[in-house]
Amino acid sequence: MESGAIFAGLHQNLIPNHHRHQLGPSGSTTKLLPSVFSGKRHFSNNPFKLSNQSLFACFSNNNSKNANTLQVTSPASDVKPELADIDWDNLGFGFMPTDYMYIMKCSQGENFSKGELQRFGNIELSPSAGILNYGQGLFEGLKAYRKYDGNILLFRPEENAFRLRMGAERMCMPSPTVEQFVEAVKETVLANERWIPPPGKGSLYIRPLLMGSGAVLGLAPAPEYTFLIYVSPVGNYFKEGLAPIHLIVETEMHRATPGGTGGVKTIGNYAAVLKAQSAAKAKGFSDVLYLDSAQKRYLEEVSSCNVFVVKGNVISTPAIKGTILPGITRKSIIDVAISQGYQVEERLVTVEELLDADEVFCTGTAVVISPVGSITYLGKR
């Protein structure tokens, strides 16, 4: 399939600036005010007001006795931190330990309070923790980019916060406020600034986790919860890089079912795809495209990303109906495509339409935008 037409039109500079957070080069920050969550897609045409302020003066917990707690003060000059000594030109999508992580806790029925930065390392959990026994956990994924002018860019972190809160409600967990989430992300990124790849060499992947960390034996919500953020520098998700990927349509196993948790980013969604994904990769495919579990005819998702089908000037993507994750890159591409004159349809998309498309591409935080080169369905490529 051709992969040039749509990608030429969806340039990242066209994404509205009011969905970005820009952190200044070690001396100041320009903070973009977050939008108000309405529960609906909210693409505002009015830029948020900008306000200049000094860089976070310190990240500290003055009452903490933990020797791993970090206090970071803002440098008085524009001296840039020295980059980590790694091969930036050969950066893959794998975990790499960095300097600091962020941890915040609360008990069931209470609210999260101020967390703290700690040296990155293992965490201690009871064998009876809710996340280990009953899978009571969610995660998010977003990225920080280093710009050529030295600034650090976060892309729509409020959206991840909103999605986490939605998932937490489904999984019976308390969650940080949007403001707490965004502030924690900023602190973690700035504390690990030397791990952000140079411009064009990759990004800093940010992984927030929300989990039932308290001990529970009977099936019930955990008594305590931990919110944690760690980061890792990453390159391309697929080994093909920006080259077209190759998908196989799965007809027997399913990623999600109606009434389940496919529409939230719970940890269990991803373990369920490992068997089909491993089999596909053993046969040389990049990933698996799943169909609906009822009729086995309508497109849902790839293992870790949303899918778009292009036919002429129409871009179609499976509708969000409880079994598909509401991707933030997906949402952004819809906005940009409409602004570029494309007709975008969120609806049921059949596998027959997929095979008759002019172009197919996938979107996600990890994969960004990946063109699809081939699709194999019932043995036919």
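Described below are features of the structure shown in this document. Since we're looking at a predicted model, the values are computed, not measured.

1. Quick word on the overall build of the protein
A tally of regular secondary structure across the protein gives 8 helices and 18 strands. Restricting to contacts in the protein with at least 6 residues of sequence separation, those with at least 24 account for 71%.

2. Section: the packing of aromatic side chains
Per the stated rule, a full pass over the model turns up 9 aromatic pairs. Ring geometry for Phe-93 versus Tyr-205: centroids 5.6 Å apart, planes at 75°, classification edge-to-face. One end of the pair, Phe-93, is in the loop between β3 (50-54) and β4 (100-107); the other, Tyr-205, is in strand β9 (residues 203-212), and 112 residues separate them in sequence. Aromatic side chains Phe-93 and Tyr-237 sit 5.0 Å apart centroid to centroid with 75° between the ring planes, which places their arrangement in the edge-to-face category. A residue pair is termed long-range when its members are at least 10 positions apart, and Phe-93 in the loop between β3 and β4 and Tyr-237 in the loop between β10 (224-234) and β11 (245-250) qualify at 144 residues. Classification of Tyr-237 as partly exposed rests on a relative accessible area of 28%. Members of the aromatic cluster, each reached through a chain of ring pairs, are Phe-93, Tyr-205, Tyr-237 and Phe-238.

3. Re the layout of surface pockets
Within this model, the second largest pocket holds a volume of roughly 690 Å³. Lining the second largest pocket we find 34 residues, and of these Phe-139, Tyr-205, Arg-207, Tyr-237 and Ser-304 sit closest to its centre. Residue contributions to the lining of the second largest pocket peak at 4 residues, all from β10.

4. Topic: the nonpolar core
Counting 39 residues, the largest nonpolar core has Phe-181, Val-185, Val-189, Ile-206, Leu-210 and Phe-227 as the members making the most contacts within it. Within the residue set of this core, elements represented by two or more residues are β4, β7 (142-146), β8 (152-155), α3 (157-170), α4 (178-191), β9 and β10. The element contributing the most residues to this core is α4, with 8 residues.

5. A word on α4
The end-to-end C-alpha distance of α4, which contains 14 residues, comes to 20 Å, matching closely the 20 Å that a straight helix rising 1.5 Å per residue would cover. Summarising burial for α4: 11 of the 14 residues are buried, a large majority. Among all positions of α4, only Val-178, Phe-181, Val-182, Ala-184, Val-185, Lys-186, Glu-187, Thr-188, Val-189, Leu-190 and Ala-191 are buried.

6. Examining the packing of α3 against α4
The N-to-C vectors of α3 and α4 enclose an angle of 130°; their axes lie 9 Å apart at closest approach. The orientation of α3 relative to α4 falls into the category oblique. As for the relative orientation of α3 and α4, their crossing is right-handed in sense. Contact residues: α3 offers Pro-157, Glu-158, Asn-160, Ala-161, Phe-162, Leu-164 and Arg-165, while α4 offers Val-178, Phe-181 and Val-182. Residue composition of the contact of α3 with α4, grouped by class: 7 nonpolar, 1 polar and 2 charged.

7. Quick word on unusual backbone geometry
In this model, Arg-156 sits at a positive phi of 50°, which is unusual for a non-glycine residue. Secondary-structure assignment places Arg-156 in the loop between β8 and α3. Its relative accessible area of 1% is what places Arg-156 among the buried residues. Notably, Leu-378 is not glycine yet its phi reads approximately 55°, a positive angle. Tracing the chain through its elements places Leu-378 in the segment after β18 (368-376).

Calculation notes
Per chain, the residues get numbers from 1 upward, laid out in the order the sequence is written. At least 70 in pLDDT is required for a residue's local features to be given in this predicted model, at least 80 for side-chain atom pairs to be given and counted, and no such filter applies to totals for whole chains, interfaces and linings, which use all residues. Calculated side-chain values reflect all of the structure's heavy atoms, with hydrogen atoms and water omitted. Strands are runs of DSSP state E lasting at least 2 residues, helices are runs of H or I lasting at least 4, and numbering of each runs from the N terminus. Contacts are assigned to residue pairs that have any heavy atoms within 4.5 Å of one another. Pairing of aromatic rings covers Phe, Tyr and Trp, the last through its six-membered ring, and needs centres within 6.5 Å; plane angles under 30 degrees mean stacked, over 60 mean edge-to-face, and all others mean tilted. For every residue, the accessible area obtained with a 1.4 Å probe (protein chains only) is divided by the maximum for its type, and the residue is called buried under 20%, exposed over 50%, and partly exposed between those limits. In this analysis the probe radius is 1.4 Å and the grid spacing 1 Å, with only protein atoms considered; a cavity is a set of points the probe fits into but cannot get out of, a pocket is an open set with protein on both sides within 12 Å along at least five of seven lines, and lining residues have an atom within 4 Å of a point. Grid points are joined across faces, edges and corners, and a volume is the space filled by probe spheres set on the points. To define a nonpolar core, start from buried Ala, Val, Leu, Ile, Met, Phe, Trp, Tyr and Cys residues and group those joined through side-chain atoms within 4.5 Å. Expected span of a helix, by definition, is 1.5 Å for each gap between consecutive residues, and there is one gap fewer than residues. For helices, the axis comes from a line fit to the C-alpha atoms of the stretch in contact; other axes are also lines fit to C-alpha atoms, and the angle between any two N-to-C directions lies between 0 and 180 degrees. Working definition: roughly parallel below 35 degrees, roughly antiparallel above 145 degrees, roughly perpendicular at 65 to 115 degrees, and oblique for all remaining angles. Throughout, a crossing is termed right-handed when the near helix is turned clockwise from the far one, and left-handed when it is turned anticlockwise from it by less than a right angle. Note on residue classes: Ala, Val, Leu, Ile, Met, Phe, Trp, Tyr, Cys and Pro are nonpolar, Asp, Glu, Lys and Arg are charged, and everything else, Gly too, is polar.

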